[in-house]
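Here is how the chains run, residue by residue.
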Protein chains: 2
Amino acid sequence: MRSLTETIVAPATPTGISAIAIVRMSGQNAIEIANACFSKSLTKADGYTLHYGQVKDGETIIDDVMLSVFRAPHSYTGENSIEISSHGSPYIVSRILQTLIKYGARIAEPGEFTLRAFLNKKLDLAQAEAVADMIHSQSEAGLQMAIRQMRGGFSQDISQLRQELIDFAALIELENDFGEEDVEFADRSGLRKLVNELLSRIEQLRSSFVAGNVFKNGINTVIAGKPNAGKSTLLNALIKEERAIVSDIEGTTRDTIEEVLIINGIQFRLIDTAGLRHSADTIEQIGVDRTKASMAKADLLIYLYDAALMTPDDLQQAISELPQTRYRLVVANKADLTSGSIEHISISAKSGNIDSLISELERIAAQFEFGDQTIVNNVRHAEALEKSANALNDVLNGLDSGITSDLVALDIRQALYYLGLISGEVTNEDLLDSIFTRFCIGK
Amino acid sequence: MRSLTETIVAPATPTGISAIAIVRMSGQNAIEIANACFSKSLTKADGYTLHYGQVKDGETIIDDVMLSVFRAPHSYTGENSIEISSHGSPYIVSRILQTLIKYGARIAEPGEFTLRAFLNKKLDLAQAEAVADMIHSQSEAGLQMAIRQMRGGFSQDISQLRQELIDFAALIELENDFGEEDVEFADRSGLRKLVNELLSRIEQLRSSFVAGNVFKNGINTVIAGKPNAGKSTLLNALIKEERAIVSDIEGTTRDTIEEVLIINGIQFRLIDTAGLRHSADTIEQIGVDRTKASMAKADLLIYLYDAALMTPDDLQQAISELPQTRYRLVVANKADLTSGSIEHISISAKSGNIDSLISELERIAAQFEFGDQTIVNNVRHAEALEKSANALNDVLNGLDSGITSDLVALDIRQALYYLGLISGEVTNEDLLDSIFTRFCIGK
C-alpha cells in the first residue's frame with residue numbers, strides 16, 4: 001500500500017496556455033509545505049479559506065496566486081489539502097511543482113488523491129469509480145448515471161442486499177460453532193427466499209449493463225467504404241465542421257479520426273477510416289489494417305458506397321465481406337448524381353442531405369431509455385455481480401441437496417466477497433491499483 | 001467599447017480530461033446568477049469565501065463543485081466574481097456554461113476579464129500585457145521579466161518621465177494663453193535638459209528590446225538539411241525524447257515540429273522541418289515550402305549534413321543557398337561513420353554525441369544577460385518609444401530653431417501621447433482590441 005504519511009502534489013488542470021492552472025497538494029504536511037513557499041503565513045488559516053499572495057522559491061517570486069486551504073477531515077481526500085490557482089502557464093506550473101517538491105511534497109500517482117479519499121472513507125469504491133466516469137462523461141446520459149453512482153445509489157443498493165446476507169451468514173456460522181448438535185438458527189426457507197430475491201435483483205442490475213455501457217461509452221460507430229465513397233464528407237456533414245481533411249487524392253485519410261455526435265443524449269462515436277483498398281504505401285497500409293480492426297470492434301457499422309459507381313454485384317460482394325456488428329446501415333451516397341434504383345438509405349453527403357441517415361441513428365438511440373432504476377455501467381461491477389450470482393446459485397443448489405451448513409456458509413461468504421468488491425468493503429491492493437491507475441494525474 | 005454592465009463567463013482552464021476545471025464569471029450580476037443555479041444561498045456570502053455544493057440547472061444536478069465568491073472591488077476584474085471549480089470534464093464545463101448563460105451571463109471575449117481589470121483600474125496596460133506574457137512564459141528569464149513588468153516597474157519608469165514632461169507642457173501652454181505678451185514661464189534650458197534625459201532613458205529602454213525579445217520569445221532555431229541528414233534524430237537527441245517520428249523513409253516529417261530546449265534560462269525554439277528536396281507528392285511539397293519560409297524567419301539556422309555522403313563542393317553549394325540569419329551553425333552528422341576531414345561542428349546524433357553543438361548553443365545563450373534594469377520585450381512598447389523619441393527630437397529641433405511655443409507644445413503633446421499609450425493613460429478602442437484579442441479566452 002502506498003504510504004499515507006507522505007504529502008502528494010500534482011497539477012489538477014490540463015497542460016496548456018490558459019487563464020488559470022491549479023496545483024493541488026494533500027497530506028499531513030500540506031499546509032506546512034505551502035506555508036514555506038507562500039508570501040503569507042498559513043499556519044493559523046482556517047479550512048475553506050482563500051488567500052491571495054505569491055508562491056516563492058526562496059526570494060524568487062514564481063507567481064501571484066490564489067491559494068485555498070482545507071483542513072482534515074473536511075477536504076476531498078479527508079487530509080489537509082491546498083489548492084494553488086496560478087496563471088495558466090505550463091512553465092509556471094512546473095516551477096510551482098518543483099518548489100513544493102523541494103519543500104517536502106512528492107508527485108502524486110494517477111488517482112492517488114481519490115485513492116486517499118477512499119482509504120480515508122470519504123467515498124466507497126463504486127463512488128470513486130463514478131468520479132472517473134464523471135470526468136470522462138461526454139453526454140447527459142453518461143453524466144447523470146455517474147452523478148447517481150457518485151451519490152451512492154448503486155453502493156447502497158448492493159450494501160443493503162449484502163447486509164441481509166451477512167446476517168444469515170452469521171447465523172449459519174453460529175450453527176457450525178455448535179458442531180455436532182443439530183441446531184438450525186438460520187431459517188432455511190427465509191434464506192432461500194433472500195437468495196432468490198438477491199438473484200433477481202442482481203439479474204436486474206446485470207441486464208442494465210448493455211444500456212449502462214451505451215450511456216457511458218456511447219455507440220462505437222465506424223464509417224467504412226471504398227476510397228472516394230465520401231466518408232470524410234459524410235463525417236463532416238454529421239458533425240457540421242471541417243474536422244477531417246477532405247481531399248480528392250485517394251488515401252488522404254491516413255489516421256482514424258474520432259468525433260462524437262450526440263443524438264437524444266446518446267453519443268455516437270464516429271470513426272472515419274482510411275479507404276478500404278490495397279496500398280503499396282507502407283504508412284497507408286497501416287491505416288487500412290487499423291480500419292479492419294476498427295470495423296470488427298464497431299457497435300454500428302455504416303457502410304457507405306458511391307451510388308453512381310458501384311454495381312449491385314460489387315455492392316453485394318462488399319456487404320458480404322463486412323464483419324458482424326450489432327447494428328449495420330448500408331448507405332448510398334451521391335444519390336443526387338444518379339437516377340438508378342436505390343435500395344438502401346440514400347443520402348448526399350456533399351450537399352448535406354443526410355436526413356434519412358439521421359432518422360436511422362435516432363431510431364437506434366431511442367432503444368436506450370434512461371429511467372429511474374440503478375444502472376450498471378462498469379465491467380468490473382458486471383463481473384462481480386456475475387460471480388456473486390454464481391455463488392448464490394451454489395447456495396441454492398447446496399440447500400436443495402442438503403449439504404452441511406459449513407459448506408453453505410462458504411458459498412455465502414463467496415457471494416459476500418464479490419458483492420463487497422463493488423463498494424470496496426472487500427478489497428486488495430491489485431484491485432485498487434487496477435482502478436486508480438486508470439485515473440488521470442491530479443485526481 | 002464593450003458593455004461593462006453585462007456579466008461575462010468563460011472556461012478558465014484548458015479543455016481536456018483532468019481532475020479539476022474552472023469556470024469564471026464576472027460582472028455586477030455574477031453572484032445573483034451563480035445563486036440561481038447553486039444548491040446553497042450565496043446572497044449573503046462574503047468575498048474571499050469558498051462554498052461546497054451543486055451546480056443545478058433547475059432540478060438537474062450538473063456537478064458537485066467548489067465555488068469561490070469575490071466581491072467588488074476585491075477581485076481580479078474589480079467586479080463581483082465567481083469561480084466554479086468542477087470535475088475536469090469538457091462535457092460538465094459546457095453544461096455549467098450553458099446553465100450560467102441561461103440565467104443571464106454571456107460568453108466572454110478573449111481577454112475580456114483582463115480588459116475589465118484594466119478599465120476598472122486594477123492594472124495598467126503594460127501590466128495587462130505582462131499578464132499575457134506570464135501565461136506564455138516558457139523560461140525563467142521570460143517569467144521573471146513578465147513578473148517585473150506586472151509589478152509595474154516598467155510603467156512607473158515611463159509614468160515618472162511622462163509626468164515631468166506634462167508639467168513643462170502645462171507651463172508652455174500657459175504661455176500660449178498669454179498670446180501676444182512675451183512671457184516665458186517654462187525654462188527653456190530646463191526643458192532642453194529634461195528632453196535630453198528622456199531621450200537617453202528611452203534609448204536605453206529601446207536598446208534592451210533585442211534581449212527582451214529573446215527572453216520572451218526565445219531564439220527561433222531551424223534545423224535544416226537534406227533528407228536523411230538526421231534532423232529528426234538530432235531533434236530527439238536535443239530534447240531527449242521521441243517527439244518526432246524518426247523513420248528511414250524519405251519525407252517522413254511532413255509537418256514542422258516545434259520543441260523547446262532551454263539552455264541557461266534562454267529558450268531555443270527548435271523547428272524540425274521536412275527534408276529539403278523536390279517532391280512530386282503534393283502534401284510533401286507543402287512541407288518543403290514551409291521549411292523555406294521557416295528558414296528565412298530563423299534567428300539561428302542549424303544546417304545539418306551527412307558527413308559520409310556530402311562532398312565538399314556539394315556542401316559549399318548548399319551553404320551558399322542558405323538564407324541570411326542572425327546565427328548560423330553548420331554541423332556534420334554521422335561523424336562517427338567517416339574518417340574524412342571535418343571542418344565544421346561535428347556530432348553523431350544517433351549515438352547522442354552532440355556536446356560540441358550544445359557548447360555552441362551555450363555560447364549563443366551567454367550573449368544575453370538578465371540584469372536588474374527594466375527591459376522592453378513588447379513590439380508595441382518599442383514602437384511607442386521610437387515614436388516618442390521622434391517627437392522629442394522635434395521638440396529639441398524646435399527649441400534650436402526658435403519656433404513658437406504653441407508648436408513646441410504640440411510636439412510635447414505628441415511625445416506624451418506615445419508614452420501614454422504604453423501604460424494606457426492614453427488609449428483608444430482599436431488599441432485595446434488589438435491587445436486583448438490576443439489573450440486566451442477566460443483571461
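Residues numbered from 1 in each chain as written. Chains lettered and ligands numbered in written order. Predicted model: local features only at pLDDT ≥ 70, side-chain atom pairs only at ≥ 80, totals over all residues. Heavy atoms only, no water.

A.B. asks: For this particular structure, what's the right way to read the overall build of chain A?
C.D. replies: Scanning chain A for helices and strands turns up 15 helices and 12 strands. Per-residue burial for chain A yields a buried fraction of 53% across its 443 residues. Restricting to contacts in chain A with at least 6 residues of sequence separation, those with at least 24 account for 66%. Of the roughly 19700 Å² that chain A leaves accessible, carbon and sulfur atoms contribute 49%. (Helix = DSSP H or I, 4+ residues; strand = E, 2+ residues; numbered from the N terminus. Buried < 20%, exposed > 50% of the residue type's maximum accessible area, 1.4 Å probe, protein only. Contact = heavy atoms within 4.5 Å. Areas by Shrake-Rupley, 256 points an atom, 1.4 Å probe, with all protein chains shown as cover.)

A.B. asks: Is there a simple way to explain the packing of helix 5 (residues 140-150) of chain A against helix 8 (residues 209-217) of chain A in this structure?
C.D. replies: Helix packing for two helices is described by the angle between their axes and how far apart those axes are. All names here are of chain A. At a closest axis distance of 7 Å, the pairing of helix 5 and helix 8 adopts a crossing angle of 115°. The pairing of helix 5 with helix 8 is recorded here as roughly perpendicular in orientation. In this structure, helix 5 meets helix 8 at a crossing whose hand is left-handed. Between helix 5 and helix 8, the contacting residues are Ala141, Gly142 and Met145 on the first element and Gly212, Phe215 and Lys216 on the second. Looking at the contact of helix 5 with helix 8 residue by residue, the classes come out as three nonpolar, two polar and one charged. (Axes fitted to C-alpha atoms, helices over the stretch in contact; angles between N-to-C directions. Parallel < 35°, antiparallel > 145°, perpendicular 65-115°, else oblique. Left-handed = near helix turned anticlockwise from the far one by under 90°. Nonpolar A, V, L, I, M, F, W, Y, C, P; charged D, E, K, R; others polar.)

A.B. asks: Could you clarify how one ought to interpret the interface of chain B and chain A in this entry?
C.D. replies: Interface size, as often reported, equals the accessible area lost upon joining of the parts. The interface is formed by 52 residues belonging to chain B together with 52 residues belonging to chain A. For the pair chain B and chain A, the two sides together bury roughly 4100 Å², of which 66% comes from carbon and sulfur. Across the contact surface, chain B and chain A share four salt bridges. In this structure, arginine 151 of chain A and aspartate 64 of chain B form a salt bridge, with 2.6 Å as the shortest nitrogen-oxygen distance. Seen at the junction of chain B and chain A, the total is 16 residue pairs in polar contact (both at pLDDT 80 or more). Going through the elements one at a time, strand 2 (18-26), strand 3 (49-57), strand 4 (60-70), strand 5 (81-88), helix 2 (90-102), helix 4 (125-136) and helix 5 (140-150) of chain B are the ones with two or more residues in the side of chain B that touches chain A. Residue composition of the side of chain B that touches chain A, grouped by class: 24 nonpolar, 19 polar and nine charged. (Buried area = accessible area lost by both parts, 1.4 Å probe. Salt bridge = Lys/Arg side-chain N within 4 Å of Asp/Glu carboxyl O. Polar contact = N/O pair within 3.5 Å; in protein donor to acceptor, adjacent residues only side chain to side chain.)

A.B. asks: Please clarify how the packing of aromatic side chains should be interpreted in this entry.
C.D. replies: Both the distance between ring centres and the angle between the ring planes are used here to describe each pair of aromatic rings. What the rule picks out here adds up to seven aromatic pairs over all chains. Ring geometry for phenylalanine 436 of chain A versus phenylalanine 439 of chain A: centroids 5.3 Å apart, planes at 25°, classification stacked. Under the relative-accessibility criterion, phenylalanine 436 of chain A is labelled buried at 1%. Pairing tyrosine 417 of chain B with tyrosine 418 of chain B gives two aromatic rings, centres 5.2 Å apart and planes at 80°, and the pair type is edge-to-face. Here a set of aromatic residues connected by ring pairs shows up, and it is made of Phe118, Phe436 and Phe439 of chain A. The ring of phenylalanine 113 of chain A has arginine 24 of chain A sitting right over it, with the charged end atom 5.0 Å from the ring centre. Just above the ring of tyrosine 76 of chain A sits the side chain of lysine 443 of chain A; from NZ or CZ to the centre is 4.6 Å. (Phe/Tyr/Trp six-rings, centres within 6.5 Å; stacked < 30°, edge-to-face > 60°. Lys NZ or Arg CZ within 6 Å of the ring centre and 35° of its normal.)

A.B. asks: How should I be thinking about unusual backbone geometry in this particular structure?
C.D. replies: Leave glycine aside and you will find that most residues have negative phi; peptide bonds, for their part, are mostly trans. Residue and element names in this part refer to chain A. Of note, the amide linkage connecting alanine 72 to proline 73 takes the cis form, showing an omega dihedral of 0°. The residue proline 73 is located in the loop between strand 4 (60-70) and strand 5 (81-88) in this model. Located in the positive-phi region is tyrosine 48, a residue other than glycine, with phi close to 60°. Structurally, tyrosine 48 is set in the loop between helix 1 (30-36) and strand 3 (49-57). Judged by relative accessible area, tyrosine 48 falls into the partly exposed class, the value being 29%.

A.B. asks: Would you mind going over the relation of the copies chain B and chain A with me for this structure?
C.D. replies: The relation between the two copies of this chain is a rotation about an axis and a shift parallel to it. Of the transformation placing chain B onto chain A, the axial shift is 0.1 Å and the rotation is 180°, giving an RMSD of 0.2 Å. The superposition of one copy onto the other is thereby described by a two-fold rotation axis. (Least-squares fit on C-alpha atoms with pLDDT ≥ 70 in both.)

A.B. asks: Looking at this model, I keep getting lost on the packing of helix 7 (residues 188-207) of chain A against helix 13 (residues 379-401) of chain A. Mind explaining?
C.D. replies: All names here are of chain A. One can describe the packing of helix 7 onto helix 13 by two numbers: an axis separation of 10 Å at closest approach and a directional angle of 155°. The angle between the axes of helix 7 and helix 13 places the two elements in the roughly antiparallel class. Viewed along their axes, helix 7 and helix 13 form a crossing whose handedness is left-handed. Across from Arg188, Leu191, Arg192, Val195, Asn196, Leu198, Leu199, Ile202, Leu205 and Arg206 in helix 7, the residues of helix 13 making contact are Leu385, Glu386, Ser388, Ala389, Leu392, Asn393, Val395, Leu396, Leu399 and Asp400. Across the contact of helix 7 with helix 13, the residue classes break down as 12 nonpolar, three polar and five charged.

A.B. asks: Which parts of the structure should I look at to understand the pattern of salt bridges?
C.D. replies: Pairs can form between side chains of opposite charge whenever their charged atoms are close. Residues and elements named next belong to chain A. For the structure shown, the criterion picks out 34 salt bridges over all chains. Between glutamate 83 and arginine 24 there is a salt bridge, and its shortest N-O distance comes to 3.6 Å. Of the two residues, glutamate 83 is situated in strand 5 and arginine 24 in strand 2 (residues 18-26); the sequence distance between them amounts to 59 residues. The same class applies to glutamate 83 as to arginine 24, namely buried.

A.B. asks: It is not clear to me how helix 12 (residues 355-365) of chain B should be interpreted in this structure. Could you clarify?
C.D. replies: One turn of an α-helix holds 3.6 residues; hence residues three or four places apart share an orientation. Within helix 12 of chain B, the full set of buried residues consists of Leu357, Leu361, Ile364 and Ala365 of chain B. Around the axis of helix 12 of chain B, the buried residues are gathered within 100° of arc, so they sit on the same side. (Arc of directions from axis to C-beta.)

A.B. asks: Help me out: how do you make sense of the side chain of threonine 325 of chain A in this one?
C.D. replies: Residue and element names in this part refer to chain A. Its place among the elements puts threonine 325 in the loop between helix 11 (312-320) and strand 11 (327-333). A distance of 2.9 Å separates the side chain of threonine 325 from the backbone oxygen of tyrosine 327, its partner in a polar contact. Threonine 325 has contacts with Met295, Ala298, Asp299 and Leu301, leaving out every residue within four places of it along the chain.

A.B. asks: So what exactly am I meant to see when it comes to the confidence of the model for chain A here?
C.D. replies: Caution is warranted with low-pLDDT regions, since their predicted coordinates should not be read in detail. Residues and elements named next belong to chain A. Confidence in the prediction for chain A averages 84 pLDDT; 88% of positions are at 70 or higher. The low-confidence segment residues 242-255, where pLDDT is below 50, has 36 contacts with residues more than four positions distant or belonging to other chains. As a predicted assembly, this complex carries a pTM of 0.72 together with an ipTM value of 0.72. (pLDDT = per-residue confidence, 0-100.)

A.B. asks: Is there a simple way to explain helix 8 (residues 209-217) of chain B in this structure?
C.D. replies: Residues and elements named next belong to chain B. By the burial criterion, the buried members of helix 8 are Ala211, Gly212, Val214 and Phe215. Buried residues along helix 8 cover an arc of 165° about the axis, so they all sit on one side. With its phi angle positive at about 75°, glycine 218 sits one or two positions after the end of helix 8.

A.B. asks: What is the right way to read the pairing of strand 7 (residues 219-224) of chain B from this model?
C.D. replies: Residues and elements named next belong to chain B. Among the six residues of strand 7, five are classified as buried, and the element is accordingly described as predominantly covered. Relative to strand 10 (residues 300-306), strand 7 is paired through four bridges, and the arrangement is parallel. By the bridge assignment for strand 10, isoleucine 223 is matched with isoleucine 302. (Pairing = 2+ DSSP bridges.)

A.B. asks: Just to check I follow, could you spell out the environment of isoleucine 422 of chain B for this structure?
C.D. replies: Residues and elements named next belong to chain B. Tracing the backbone through its elements, the reader meets isoleucine 422 in helix 14 (residues 405-423). Look at isoleucine 422 and you get buried, because its relative accessible area is 0%. Taking the C-alpha atoms as reference points, isoleucine 422 and glutamine 127, separated by 295 residues in sequence, lie 9.7 Å from one another. In contact with isoleucine 422, other than residues within four places in its own chain, are Leu125, Ala126, Glu129, Phe154, Ile158, Arg380, His381, Ala384 and Leu385.

A.B. asks: Whenever I open this one, the side chain of serine 89 of chain B confuses me. Can you help?
C.D. replies: Relative to the elements of secondary structure, serine 89 of chain B occurs in the loop between strand 5 and helix 2. Of note is the side chain of serine 89 of chain B, whose polar atom sits 3.5 Å from the backbone oxygen of serine 137 of chain A. Serine 89 of chain B has contacts with Met134, Ile135 and Ser137 of chain A, leaving out every residue within four places of it along the chain.

A.B. asks: Honestly, the pairing of strand 4 of chain A in this entry has me stumped. Any pointers?
C.D. replies: Within a regular strand, side chains alternate between the sheet's two faces. Residue and element names in this part refer to chain A. Of all 11 residues in strand 4, nine are buried; the element is thus mostly enclosed. When strand 3 meets strand 4, the two strands line up antiparallel, connected through nine bridges. Following the sheet pairing, leucine 50 is matched in strand 4 by serine 68. Linking two consecutive strands that pair antiparallel, namely strand 3 and strand 4, is a turn of two residues; a positive phi of about 65° is found at glycine 58 within it. Pairing of strand 4 with strand 5, which is carried by five bridges, proceeds in the antiparallel orientation.

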